[in-house]
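If you want the building blocks of each chain, they are given just below.
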Amino acid sequence: MVEFLKAKTSTYVNKPMGVIDTRTGGAAVGEALARAGNQAQQMFYADAVKNQKKLGQESVNNMKVQARDESGAFVYAQVDQSLSQVAKEVAEPMLRQRVGEALLVDASNGLTKIRSESLSAEDFENKSKEYIKANIANLDATGGGEYAGVYQSLATKTMAQHLNHMVLADAKKAKRIAVNNSLSSITIGLEEAAAHLERGVSFITIGELDDGNDELRMDQVISGLKLRAEQLFTNNDIEEPKYRAIINEIEKTTNDSRIRHKTNPMSENLDVNAITILEQSIRTGIINKADKETLDSYGINQDDINNFTKIRVNTDYHASKVATIRSIVSSRVTVIAKGNGKLALKNKLEGRIIHNMKPNEQILYNEILAEKYNGGKEINADWVLRNWEEKDGFLDDSLRGNKLPKAFEDVFNNAQFITNLISTEPARAKAMLISGTKLFANIAYRQSLGGNTQNNFGLSDTSFSNWQRLKRLSEQFGDASVLESAQKIFAPKLGNQTLSNIRMTNVENFSNFPDNYQGSTANSFINQWLRKYTADQGMNPEAASYLSTIAMHHSSIEGTDESTLKQILSDSYDNMYVKSSYIWNIGQGTGLKSPMLGSGYKFKSLSSRFAPEKYFQGNKELLDKFIKETQNQLSKSTLKTNETLTIGENVFLLPSRRSTNTQGEYMVVDSTGTPIINKQTNNIFQISTKVTDGLLLKEKRKEQEDRWDRARRRRLSVIESQTDAKKDLNDGFFGLGKIFGKTAF
Amino acid sequence: MSWWMVAGAVVSAYGQIQAGKAKRAEARARAAQFEEQKKDAVVQTMQEHNIRLANFKSMQNVNDSIAGVMGRDSGSDRSLQAISKRAETEFETEDSRARLQFLREQSQRTMGAQFAIMQGKNAMRAAKIGAVSSLLSAGNSYSKITPGTGKP
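Predicted model, so just to flag it, every value in this text is computed and none were measured.

### Considering the overall build of chain B
Here's step 1: From N to C terminus, chain B includes 2 helices and 0 strands.
Here's step 2: Every one of the 152 residues in chain B was classed for burial, and the buried ones make up 25%.

Shown next as structure tokens:
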């Protein structure tokens, strides 16, 4: 077989490459970034939420939440609207809770008030319901509807609590009243029984009983009282101690009544002796043989004593009850004796006998005066000061003893009463002091006349001295100064002590205050210091005594130091003492500079309190007039040496004792101090600053007339001005110009 | 603190957008590969058709040659005609089947490319929605913690 071979045909073909994965990871990167951003956002959001929640809590915590405002209307606290939503979501429930609490407090307060005003639980319930209803309506009406439910729930719960308490309290109260009534009836029954026993009653009639009797023995009555107490105890209405106390009280009281029944006759007889025997017998439990007869006379025997002591073992108790009776009887006896004493004293006083009065008689004396002049009411110091002048014969009757009645003595001895009155009621104190001073003067005068001056009428030395000083000051300066004087005299010791302390503190800082100063007050140091100071300053020696008062006063002002005090003293001295060319002193004309060798005082500085230059200070014309007048009189005489007398050169003025702070009186002397004799009258020359009085008067008159003249001129000027003004106005329109022209702008 | 939170939200949104963009790029790349495959398949199919056609032609030519040798008329010889006919039928059957297969596969590749494009678009859209959602969520959170923004 023939066959043709041919090349094999190509069977290879190109095929598609398939799809490769195109994920490059870009998407994963983007997703990772998104996740990271998201996580960061969540994280920061969580933090922010936490912060906002805290903020919400704080905002509520810081809020003042109250149920009502000052006017009593409900107020509703609102969450701060500027807060975030998260903060608000936290704050709002918290705030609602707090408002709810505030409303609870409000309801509680209101209901408590209602409870206090309610008479019963029912009354409270009715009032409370009305109250809650009204408040819920109020909440709804005022925008607090969201709280109405909470309020109703809380208020109702509180009301129920109150109601429970009240119901229980009412029940307790009812029981307490019943118990108290029972206790009260026991007390009343006991008092009645005690009264019967004290009168010696053995039976009481109470109407027919079951057994046909209509009488009860007293021991049955007492047993009945005890039984009622026992019933209260059995019912648990009272506790054991109370029950015991009631039983004891019943026994004690009835026993006391029996004792009193036995002692009554003794009391009526004022037989203190018999009561004492009874007391002793009860205390020992046995009646002594010697005392048997006494007690027999009152129907008391050993059985009675045994009965008294059987109830209570403590015999001292029963004895003390008798002792009390004895004390009362004894007082009555004393009163009677006192009445007798008063009567005796009255008789003595009627007889006008000045006797040696004792302190208790001063009290009786007071009572006698009270009966006579004050209707029996007690008289005291105040009454005396108001009435001693008004009641006729009162003062005469009051001064019949060598000592004063008690009320009088109190007026003068009680300085504290006076000083207190000065500080609290000055006007009344003044009136009383004036009355007291007059009373003291009267007493002093009358008692002196009667020769009864011993022992200062019974007043203490201090009181007597003080009132005498006040009397004298009052006589000298008049009643107007009585208050001031009394303040000084009766100043409390504490005030003086305080001043003394201040003075001591001040002077301790003085330059020459001794370290070892022994004095209790600064007075002696100040006087020494003052003497040295006045000598150092060349002051008049007598000035030390005048300046002492000033130094004492100013050194007792807190903070006064040495230099201040010196300045004050120096100024005071300059005001008091003036250097004079005319006043004589011992060194005048001798040429000596000092009165004696080594003395601290200097002639040159011897100023005088009575220098004419002082009286005429600032008015040289008057001084010249005075000197001229003096010189005129001196021209009538000459010295023995035939020298012409010239004031201030060879003759001087010697102040007399009559010189005062306002007026000088002088004797004319030569340089040796020898008086100059007026040859015409053959008497010493005397001259007074009064010689200028006429001139001074004239001067004053002139000053007065000048003042009047000035006033007159001013008045005329005003009248003239008014007249001109009227005239100018009447001159018509153009006249106004004149007015304005006269007006000073 | 709040501003850090906002920054976190912005970063998250930016990340989502970037992820979307990356997914869209990946999808486009896949679509391009499907287009390339379509072109490759056209070439492959054409080459296989040519191979089949060449095989058929070659068989016919061999048979014609053999017939000539054997003295038989290939145009009237019924056996030869039947063989030729048979070969032609099989060729046509196979080629039509191959063409159908090609068309189906091309259609699938076209769909794959379209799906990839659509996936890319959707990924981008989802990323944008996610980013906006993140920002809105952050804004909402921010409003909750910012003072003065709450309702009265």
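### Notes on the overall build of chain A
Here's step 1: A tally of regular secondary structure across chain A gives 26 helices and 7 strands.
Here's step 2: Scored against the burial criterion, the 745 residues of chain A give a buried share of 24%.
Here's step 3: Counted over contacts in chain A with a minimum sequence separation of 6, partners at least 24 positions apart contribute 60%.

### Quick look at the sheet that holds strand β3 (residues 651-655) of chain A
Residue and element names in this part refer to chain A.
Here's step 1: Ordered in space as β3-β4-β7, the 3 strands form an open sheet in which the pairing is antiparallel. At either margin of the open sheet sits one strand with a lone partner, and together these are β3 and β7 (686-688). Neighbouring strand axes in the sheet, compared pairwise and without regard to direction, differ in orientation by 40° on average.
Here's step 2: Across 5 bridges, β3 lies against strand β4 (residues 665-670) in antiparallel orientation. Its bridge partner being in β4, F652 is matched across the sheet by V669.

### Regarding unusual backbone geometry
Residue and element names in this part refer to chain A.
Here's step 1: Unlike most non-glycine residues, N236 shows phi in positive territory, near 60°.
Here's step 2: Among the structural elements, N236 can be located in the loop between α5 (218-234) and α6 (240-268).
Here's step 3: Looking at N236, the number of C-beta atoms within 10 Å reads 7, which means it is exposed.
Here's step 4: Here N682, not a glycine, exhibits a phi torsion of approximately 60°, which is positive.
Here's step 5: For N682, the position within the fold is in the loop between β5 (677-678) and β6 (683-684).

### Observations concerning the environment of G143 of chain A
Here's step 1: The residue G143 of chain A is located in the loop between α3 (121-141) and α4 (145-199) in this model.
Here's step 2: In the structure, G143 of chain A is positioned 67 residues away from Y76 of chain A in sequence and 8.2 Å away in space, judged by C-alpha atoms.

### Here's the deal with the interface of chain B and chain A
Here's step 1: Contacts between the two partners involve 49 residues from chain B and, on the opposite side, 43 residues from chain A.
Here's step 2: Counting residues per element, the ones that place at least two in the side of chain B that touches chain A are α1 (2-70) and α2 (78-145) of chain B.
Here's step 3: Looking at the side of chain B that touches chain A, its residues break down into 22 nonpolar, 20 polar and 7 charged.

### Some thoughts on the nonpolar core
Here's step 1: Residues A87, A91, L103, A107, Y151 and A155 of chain A together with M5 of chain B are the most contacted members of the largest nonpolar core, which totals 44 residues.
Here's step 2: Breaking this core down by element, the ones donating at least two residues are α1 (26-61), α2 (85-117), α3 and α4 of chain A together with α1 and α2 of chain B.
Here's step 3: In terms of residue count, α2 of chain A provides more of this core than any other element does, 10 residues in total.
Here's step 4: A87 of chain A has contacts with Q52, K53, L55, G56 and S59 of chain A, leaving out every residue within four places of it along the chain.
Here's step 5: Within the second largest apolar cluster, 31 residues are counted, among which are Y365, L404, V411 and A429 of chain A.

### Topic: the packing of helix α21 (residues 543-555) of chain A against helix α22 (residues 562-576) of chain A
All names here are of chain A.
Here's step 1: Their axes nearest at 10 Å, the elements α21 and α22 cross at an angle of 140°. For the element pair α21 / α22, the angle class is oblique. Crossing handedness for the pair α21 and α22: right-handed. Contact residues: α21 offers A543, Y546, L547, I550, A551, H554 and S555, while α22 offers L565, I568, L569, S572, Y573 and M576.
Here's step 2: Looking at side-chain class alone, the contact of α21 with α22 contains 10 nonpolar, 3 polar and no charged residues.

### Quick look at the confidence of the model for chain A
Residues and elements named next belong to chain A.
Here's step 1: Per-residue pLDDT for chain A has a mean of 81; in total, 88% of the residues score no lower than 70.
Here's step 2: This stretch, residues 733-737, has a pLDDT under 50; its non-local contacts, to residues over four places away or in other chains, come to 3 contacts.
Here's step 3: Counting contacts from residues 739-745, a segment whose pLDDT is below 50, to residues more than four positions away or on other chains yields 3 contacts.

### Remarks on the environment of T205 of chain A
Here's step 1: Inspection of the secondary structure assignment puts T205 of chain A in strand β1 (residues 203-205).
Here's step 2: Here T205 of chain A is in contact with D214 and E215 of chain A, once residues within four sequence places are set aside.

### A look at the environment of S572 of chain A
Residues and elements named next belong to chain A.
Here's step 1: Looking at the secondary structure, you find S572 in helix α22.
Here's step 2: Put simply, S572 and L547 are 25 residues apart on the chain and 7.8 Å apart in space, counted from C-alpha to C-alpha.
Here's step 3: In contact with S572, not counting residues within four places along its chain, are L547 and I550.

### Some words on the packing of helix α20 (residues 523-536) of chain A against α21 of chain A
Residue and element names in this part refer to chain A.
Here's step 1: As a packed pair, α20 and α21 sit with axes 10 Å apart at the nearest point and diverge in direction by 125°. As the angle between them shows, α20 and α21 are arranged oblique. Taken as a pair, α20 and α21 cross one another with a handedness that is right-handed. Residues I526, N527, L530, R531 and T534 of α20 lie in contact with α21, whose contacting residues are A543, A544, L547, S548, A551, M552 and S555.
Here's step 2: Considering only residue class, the contact of α20 with α21 consists of 7 nonpolar, 4 polar and 1 charged.

Parameters and conventions
Residues numbered from 1 in each chain as written. Chains lettered and ligands numbered in written order. Predicted model: local features only at pLDDT ≥ 70, side-chain atom pairs only at ≥ 80, totals over all residues. Helix = DSSP H or I, 4+ residues; strand = E, 2+ residues; numbered from the N terminus. Buried ≥ 20, exposed ≤ 12 C-beta atoms within 10 Å, placed from the backbone. Contact = placed C-beta atoms within 7 Å. Pairing = 2+ DSSP bridges. Axes fitted to C-alpha atoms, helices over the stretch in contact; angles between N-to-C directions. Nonpolar A, V, L, I, M, F, W, Y, C, P; charged D, E, K, R; others polar. Core = buried A, V, L, I, M, F, W, Y, C linked by C-beta atoms within 7 Å. Parallel < 35°, antiparallel > 145°, perpendicular 65-115°, else oblique. Left-handed = near helix turned anticlockwise from the far one by under 90°. pLDDT = per-residue confidence, 0-100.

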